[in-house]
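Reading the structure
Residue-level listing of the chains:
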Amino acid sequence: MANFDLNKLTQKIQQGVWPIIITLAHLILGVTLVYLNPRSNLAFLLMISSFLSLYALKTPVLFKLVTGALLALVIIPVIGVRNIFYLEVIFQISVFSALALGLNIVVGFAGLLDLGYVAFYAVGAYLWAFFGSQQYYVLHFAPGTQPSNLPFLLPSDMFYLFIFLAIIAAALTGILLGTPVLRLRGDYLAIVTLGFGEVIRVLANNLDKPLNFTNGPQGITPIQKPPMPPAFVDIFNSVFGRFVGHTASVADMYNVMFYIYALVVIIIIIVVTRRLNDSKIGRAWTAIREDETAAIAMGIPLVKMKLAAFATGASFAGVMGVLLAGSRTFVSPESFSFMQSIGVLTMVILGGSGSIPGVILGAATVTILNLQILQGLSLYLSQLRQSDAVIPIINFAWKNLSNQLDPAKYQRLLFGLILILMMIFRPEGLIPAKRQKRELASDKVEVKG
Amino acid sequence: MTLLKTIDVVKRFGGLTAVNKMNFSLEKGEIVSIIGPNGAGKTTFFNTLTGIYSPEEGTIEFDNKSILGLRPDQIADRGISRTFQNIRLFSNMTVIENILVGMHPRLTQSSLDILLRLPAFKKEESISEKKAEEIMLFVGLKNVGNELAKNLPYGGQRRVEVARALAANPQLILLDEPTAGMNPQETEDAIRLFRRIRDEKGITVLLIEHDMRVVMNISERISVMDYGGLIAEGTPAEIRSNPQVIEAYLGRGAVANQHEVKAVQ
């Protein structure tokens, strides 16, 4: 019975003006709550989840676009400048969405399990880290011994050129890795990519001698940000100043700028992915994923198509790498560990391998779990530890709770649990990929008995 | 005109010679069956023709050009299509997408056309979609274009495999046990379809088949394989009475018995 009622309810909220009302109510409630309680995680979740209402409920496309743009380009920057922590969370969601969308091409479409995906991210990041910092003049110094006041190698607006160079560099790295190993299938490919990811990280760690390219484990800093037009800050302050509550600084606006750049990259990735997917290339990828032998017998050049998937996925990661280097002004090998690759893979699998909205949802969920929920729990536990509270009945004083029990350190457990639970209960992901339906004339032909 | 010609083709797996000095030729527009007991090397021979295995010795010429050493996708591009003994569809793609994948080597859209959605791309997609629908109707698939291939019944999946193989406009289609597992009605429909492939599309048909009713009904010529080589060739009537063939299928005793029966008659 309960199930029946639920169906009726879902039908009802998808009819007439209800979808628009519900979406707007969700959005307005979320935004108001965040605005009134700038520190509440729950309010923030409610606001972010209004993207889901916007996606899932049947509203006109124009409504979706306008509301989505308003939320992403106006409301989030304002809320984000008000409380910079939220902007950081949103920026991370965007970065990981972009990475997950890139990996989705390799894993979701072409079915090639890549366990070293962040290597391409590292290539992009170190590319701008080297050319956008003073590192060129430090080549002959051991880490930590360089003189101060070195000039920057390139002007900061070269950042934009390097976004494009990173596409090429990462794609070439993808082809370089792919050429020898793409003849391997399944598990073997996964092992080689895992190794490759580690090789890049270890290279970054050790390429501080004989010539100091990467500054070793200390990482490269400072890296230049692209120039910020002063008008941007002024306009933002004069238009949104009274909503923000304080005057936005240049640093605040940089965060907004990088968030918007990440959004632009995501939109480009989505358009490119969808177009490729609806073409002979996308069909070839899916065919390879479904049955390699049949695919090659149908005339699909396996190696060429797999390389294309690898290079496309890699180039997206390369772009995000440059963005990361610019926004953080600091790059070190730690950011490109095996755990990062697994994290991105978890997002793809959680959301739905091969599904664009699914992958974005996966990236958002994992990032929020990581940055907000686990850390929120940690904070809560440490507050309990400092209090005199005691659990009744078993007489356990929170003070005695071990410091080892810090949820923020349980990221790996989280990834593992997500992967296991998804594989058992919902291997197709939260929003499974759908095949595109075509308008076919032959569907209208009468069936003769 | 000879479409396909193999001379002394040998394919070994370790110590086992699966195809042994296979000499075989096929005229344009023929319907030919290859029969033989299990393990005779029929499917291995198909796999050497389509480039999945490369033979250790011998030559293979298709359309007067050697296709030896080409990759399977290059051979498909030259005009040899195939179906598989166990259905190998792209199960999670729709029926029409399966057929469009079959068209892959004939599509000329470049990455630029695709990324910018240029008119050339849109035109090619709509033309190929129409062509795919024609092929679906040709093989007798109706109203299933948007179904996932895995959701079709067995007979339907067999048809999709044939449709996918036809999509690339091949000159030669290789069918590996295409009626295995079909009921008599489905088998009859299949035989009619294979004839129409040759009659209406002018495609040469080469099939491996175990069902003797199919073989005798459809073939204009039959080649019999045993121990990796050709042991007999001829029209269905010749093959039916060939003692070597009977021996390969039924054992030496059967041949002797048949002679006795004939002698008594």
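Residues numbered from 1 in each chain as written. Chains lettered and ligands numbered in written order. Predicted model: local features only at pLDDT ≥ 70, side-chain atom pairs only at ≥ 80, totals over all residues.

Moving on to the overall build of chain B. Helix and strand content of chain B: 11 helices and 10 strands. When the backbone C-alpha atoms are referred to their principal axes, chain B occupies close to 75 × 40 × 35 Å. Counting all 265 residues of chain B, 43% fall into the buried class. Intrachain contacts of chain B at a sequence separation of at least 6 include 66% that bridge at least 24 residues. (Helix = DSSP H or I, 4+ residues; strand = E, 2+ residues; numbered from the N terminus. Buried ≥ 20, exposed ≤ 12 C-beta atoms within 10 Å, placed from the backbone. Contact = placed C-beta atoms within 7 Å.)

Across its full length, chain A carries 17 helices and 2 strands. Radius of gyration (C-alpha) of chain A: 24 Å, near the 22 Å computed for a compact globule of 449 residues. Along the longest, intermediate and shortest principal axes, the C-alpha atoms of chain A span 85 × 65 × 60 Å. Burial status across chain A gives 42% buried among its 449 residues. Nonlocal contacts in chain A, meaning residues at least 24 apart in sequence, comprise 77% of its contacts between residues at least 6 apart. (Rg over C-alpha atoms; globule rule 2.2 N^0.38 Å.)

Turning our attention to the domain arrangement of chain B. All names here are of chain B. The assigned domain composition of chain B is domain 1 (1-79 + 170-239) and domain 2 (90-169). Between domain 1 and domain 2, the C-alpha centre-to-centre distance is 25 Å. Each partner contributes residues to the interface: domain 1 has 11 residues there, and domain 2 has 11 residues. Considered class by class, the residues forming the side of domain 1 that touches domain 2 number 7 nonpolar, 1 polar and 3 charged. (Domains from an automatic or database assignment. Nonpolar A, V, L, I, M, F, W, Y, C, P; charged D, E, K, R; others polar.)

Once that is clear, we can look at the sheet that holds strand 4 (residues 57-62) of chain B. Residue and element names in this part refer to chain B. As summarised here, the arrangement of the 4 strands in space is 2-1-4-5, forming an open sheet in which the pairing is antiparallel. Of all strands in the sheet, those bounded by a partner on one side alone are strand 2 (16-27) and strand 5 (65-66). As defined by bridge partners, strand 4 adjoins strand 5 across 2 bridges and the pair is classed as antiparallel. Following the sheet pairing, E61 is matched in strand 5 by S66. Contacts from helix 1 (residues 42-49) reach strand 1 (2-13), strand 2 and strand 4, with the element oriented near 65 degrees to strand 2. (Pairing = 2+ DSSP bridges. Axes fitted to C-alpha atoms, helices over the stretch in contact; angles between N-to-C directions.)

Next up on the list: the sheet that holds strand 9 (residues 221-226) of chain B. Note: strands within a sheet are paired through backbone hydrogen bonds, in either parallel or antiparallel orientation. Residue and element names in this part refer to chain B. With respect to topology, 6 strands assemble into an open sheet ordered 6-7-8-3-9-10, the strand pairing being mixed. Two strands bound the open sheet, and with one partner strand each, they are strand 6 (80-82) and strand 10 (229-234). Across this sheet, the average inter-strand angle for adjacent strands is 20 degrees, counted without regard to direction. As paired elements, strand 9 and strand 10 share 5 bridges and run antiparallel to each other. Looking at the pairing, M225 lines up with L230 of strand 10. Running over the sheet, helix 7 (residues 184-201) touches strand 3 (31-35), strand 7 (172-176) and strand 8 (204-208) and is turned about 150 degrees from strand 8. Sitting on the sheet, helix 10 (residues 243-250) is in contact with strand 9 and strand 10, with an inclination near 130 degrees to strand 10.

For the rest of this paragraph, the subject is the interface of chain B and chain A. With 36 residues of chain B at the interface, the matching set in chain A holds 30 residues. Of all the secondary-structure elements, those providing two or more residues to the side of chain B that touches chain A are helix 2 (72-78), helix 3 (95-102), helix 4 (111-116) and helix 5 (119-138) of chain B. Taken together, the residues of the side of chain B that touches chain A break down into 16 nonpolar, 10 polar and 10 charged.

All names here are of chain B. Where helix 3 meets helix 5, the axes come as close as 9 Å, and the angle between the chain directions of the two elements is 110 degrees. Compared by their axis directions, helix 3 and helix 5 come out roughly perpendicular. Along the contact surface, helix 3 presents V95, I96, I99 and L100, while helix 5 presents S128, E129, A132, I135 and M136. A per-class count over the contact of helix 3 with helix 5 returns 7 nonpolar, 1 polar and 1 charged. (Parallel < 35°, antiparallel > 145°, perpendicular 65-115°, else oblique.)

Let us now look at the pairing of strand 4 of chain B. Residue and element names in this part refer to chain B. Where strand 1 lies against strand 4, 5 bridges are found, and the strand directions are antiparallel. If you follow T6 over to strand 4, its bridge partner there is I60. Connecting strand 4 to the antiparallel partner strand 5 that follows it, the hairpin turn spans 2 residues, and D63 within it adopts a positive phi of roughly 55 degrees.

The subject of this paragraph is unusual backbone geometry. A:K209 connects to A:P210 through a cis peptide bond whose omega is 0 degrees. Within the fold, A:P210 resides in the loop between helix 9 (186-206) and helix 10 (230-244). Backbone torsion omega between A:T221 and A:P222 reads -5 degrees, so that peptide bond is classified as cis. Along the polypeptide, A:P222 turns up in the loop between helix 9 and helix 10. Here the phi dihedral of B:D8 falls at roughly 50 degrees; this positive angle occurs in a residue that is not glycine.

Structurally, A:Q383 can be placed in helix 16 (residues 356-386). Spatially, the C-alpha atom of A:Q383 lies 9.5 Å from that of A:K399, the residues being 16 residues apart in sequence.

Next up on the list: the packing of helix 11 (residues 250-277) of chain A against helix 14 (residues 302-328) of chain A. Residue and element names in this part refer to chain A. Following both chains from N to C, one finds helix 11 and helix 14 inclined at 175 degrees, their axes separated by 11 Å at the closest point. The pairing of helix 11 with helix 14 is recorded here as roughly antiparallel in orientation. For the pair helix 11 and helix 14, the contacting residues are F258, Y261, A262, V265 and I269 in the first and F316, V319, M320, L323, G326 and S327 in the second. Classifying every residue of the contact of helix 11 with helix 14 by side-chain character gives 9 nonpolar, 2 polar and no charged.

A few words on the pairing of strand 3 of chain B. Residues and elements named next belong to chain B. Across the 5 residues that make up strand 3, a large majority, 5, are buried. Judged by which residues are buried, strand 3 turns out to be covered on both faces: I31, S33 and I35 on one side and V32 and I34 on the other are all buried. Summarising the sheet, strand 3 and strand 9 pair through 4 bridges and their orientation is parallel. In the sheet register, S33 faces strand 9, and the bridge partner there is I222.

Residue and element names in this part refer to chain B. For helix 7, which comprises 18 residues, the first-to-last C-alpha distance of 25 Å matches the rise-based estimate of 26 Å (1.5 Å per residue) to within 8%. Among the residues of helix 7, those classed as buried are A190, F194 and I197. As for helix 7, its buried residues are in contact with strand 3, helix 6 (154-166), strand 7, strand 8 and helix 8 (212-218). (Expected span 1.5 Å × (residues − 1).)

Right, let's get into helix 6 (residues 84-109) of chain A. Residues and elements named next belong to chain A. With 26 residues, helix 6 extends 36 Å from end C-alpha to end C-alpha; this agrees with the ideal 38 Å at 1.5 Å per step. In terms of burial, helix 6 is a largely internal element, 22 of the 26 residues being buried. Just downstream of helix 6, G111 is the residue with a positive phi angle, here 70 degrees.

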